[in-house]
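So the chains spell out like this:
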Amino acid sequence: KQQGQWGRALPMAQHVLQARAQVMGAEHPATLKSLELVADLLELMGRHADAAPLLQTLSDARARVLGPDHPDALDARALWAMSIAKTGRLPEATSIIQGTVAAATKVLGPNHPDTRRHLQKQVVLLAQSGD
């Protein structure tokens, strides 16, 4: 039943994304939030291969708009990494997450909750890879 609700929500979210991009521009914060929502819905539906390119676009845009080490840019990069891990690109995902951990540690400090969240994602990916 939940899958059906996500399936119903996806076209609406895509419509909002398209409208926001047209009116506000592709890199407006509201447009990027809509892009994240579409990708989240695809992830929830198990459509990781469809979500991953959207999350890469989100990551790239937030890095350009906010700076590569901004916490929101790091979060977007981590979302992308976790998505590509689900498509079998585990080494690439692990490398990306290692970068988010390093950047968060530098910018926020080793004990900041965001840094620890990125570190937790790194642990999950390392456990999946068996390294």
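Summarised in this report is the structure supplied together with it. (Residues numbered from 1 in each chain as written. Predicted model: local features only at pLDDT ≥ 70, side-chain atom pairs only at ≥ 80, totals over all residues. Heavy atoms only, no water.)

**Points about the overall build of the protein chain**
Note the threshold: Runs of H or I in DSSP of at least four residues are treated as helices and runs of E of at least two as strands, each being numbered from the N terminus. Just to be clear, the radius of gyration here is over C-alpha atoms, and the globule rule we use is 2.2 Å times residues to the power 0.38. The contact criterion used throughout is that any non-hydrogen atoms of two residues lie within 4.5 Å. Methods summary: accessible areas were calculated by the Shrake-Rupley approach with a probe of 1.4 Å, and residue burial reflects only the protein chains presented. Asp and Glu are treated as the negative residues and Lys and Arg as the positive ones, with His and the ends of the chain left uncounted. Charged groups are reduced to one reference atom each: NZ for lysine, CZ for arginine, CG for aspartic acid, CD for glutamic acid.
Secondary structure summary: the protein chain contains six helices and zero strands in total. Counting helices and strands in the order they occur from the N terminus, the protein chain gives α-α-α-α-α-α. For 131 residues, the compact-globule estimate of 2.2 N^0.38 gives 14 Å, and the protein chain sits close to it at 15 Å. Counting only C-alpha atoms and orienting by the principal axes, one finds that the protein chain spans roughly 40 × 30 × 20 Å. Of the contacts formed within the protein chain by residues at least 6 apart in sequence, a portion of 49% connects residues at least 24 apart. Summed over its atoms, the accessible surface of the protein chain is roughly 7,200 Å², and 58% of this surface lies on carbon and sulfur atoms. Side-chain charges in the protein chain split into 14 positive and 12 negative, and the spacing between the mean points of these groups amounts to 5 Å.

**Concerning the nonpolar core**
Heads up, the condition is: Nonpolar core, defined: a set of buried Ala, Val, Leu, Ile, Met, Phe, Trp, Tyr and Cys residues in which side-chain atoms within 4.5 Å join the residues together. Under the scheme applied here, a residue whose accessible area is under 20% of the maximum for its type counts as buried, over 50% as exposed, and between as partly exposed, the area being computed with a 1.4 Å probe on protein chains only.
Counting residues in hydrophobic clusters, the biggest one holds 29 residues, and the most contacted among them are Leu10, Val38, Leu58, Ile84, Ala93, Ile97 and Leu125. When residues of this core are traced back to their parent elements, those giving at least two are α1 (2–24), α2 (29–44), α3 (48–66), α4 (71–85) and α5 (90–108). A total of seven residues in this core trace back to one element, the largest contributor, which is α4.

**Re the packing of α4 against α5**
To keep things clear, this is the line we draw: Convention adopted: a line fitted to C-alpha atoms gives each axis, helices being fitted over their contacting stretch, and angles between N-to-C directions are expressed from 0 to 180 degrees. Each angle gets one of four labels, with under 35 degrees taken as roughly parallel, over 145 as roughly antiparallel, 65 to 115 as roughly perpendicular, and the rest as oblique. Handedness of a helix crossing follows the sense of rotation of the near helix relative to the far helix, less than a right angle counterclockwise being left-handed and clockwise being right-handed. Residue type decides the class: Asp, Glu, Lys and Arg count as charged, Ala, Val, Leu, Ile, Met, Phe, Trp, Tyr, Cys and Pro as nonpolar, and the leftover types, Gly among them, as polar.
Close contact between α4 and α5 brings their axes to 8 Å; oriented N to C, the two are set at 160°. Relative to α5, α4 is oriented roughly antiparallel. The hand of the α4/α5 crossing is left-handed. The residues of α5 that touch α4, namely those facing Pro71, Leu74, Arg77, Ala78, Trp80, Ala81, Met82, Ile84 and Ala85, are Leu90, Glu92, Ala93, Ile96, Ile97, Thr100, Ala103, Ala104 and Leu108. When the residues that make up the contact of α4 with α5 are grouped by side-chain class, the tally is 15 nonpolar, one polar and two charged.

**Overview of the packing of α4 against helix α6 (residues 113–129)**
Viewed as axis vectors pointing N to C, α4 and α6 meet at an angle of 15°, and their least axial separation amounts to 11 Å. Relative to α6, the element α4 is oriented roughly parallel. Where α4 crosses over α6, the two elements pack in a sense that is left-handed. Here Pro71, Leu74, Asp75, Ala78, Met82 and Ala85 of α4 lie close against α6, whose contacting residues are Asp114, Arg117, His118, Lys121, Val124, Leu125 and Gln128. Taken together, the residues of the contact of α4 with α6 break down into seven nonpolar, two polar and four charged.

**A look at the pattern of salt bridges**
Definition in use: Here, a salt bridge means any Lys or Arg side-chain nitrogen found within 4 Å of an Asp or Glu carboxyl oxygen.
Counted by the stated rule, this structure contains nine salt bridges. The salt bridge partner of Asp50 is Arg47, with a shortest N-O separation of 2.9 Å. Of the residues examined, Asp50 reaches a relative accessible area of 37% and is grouped as partly exposed. Members of the salt-bridge network, linked through shared partners, are Lys33, Glu36 and Arg62.

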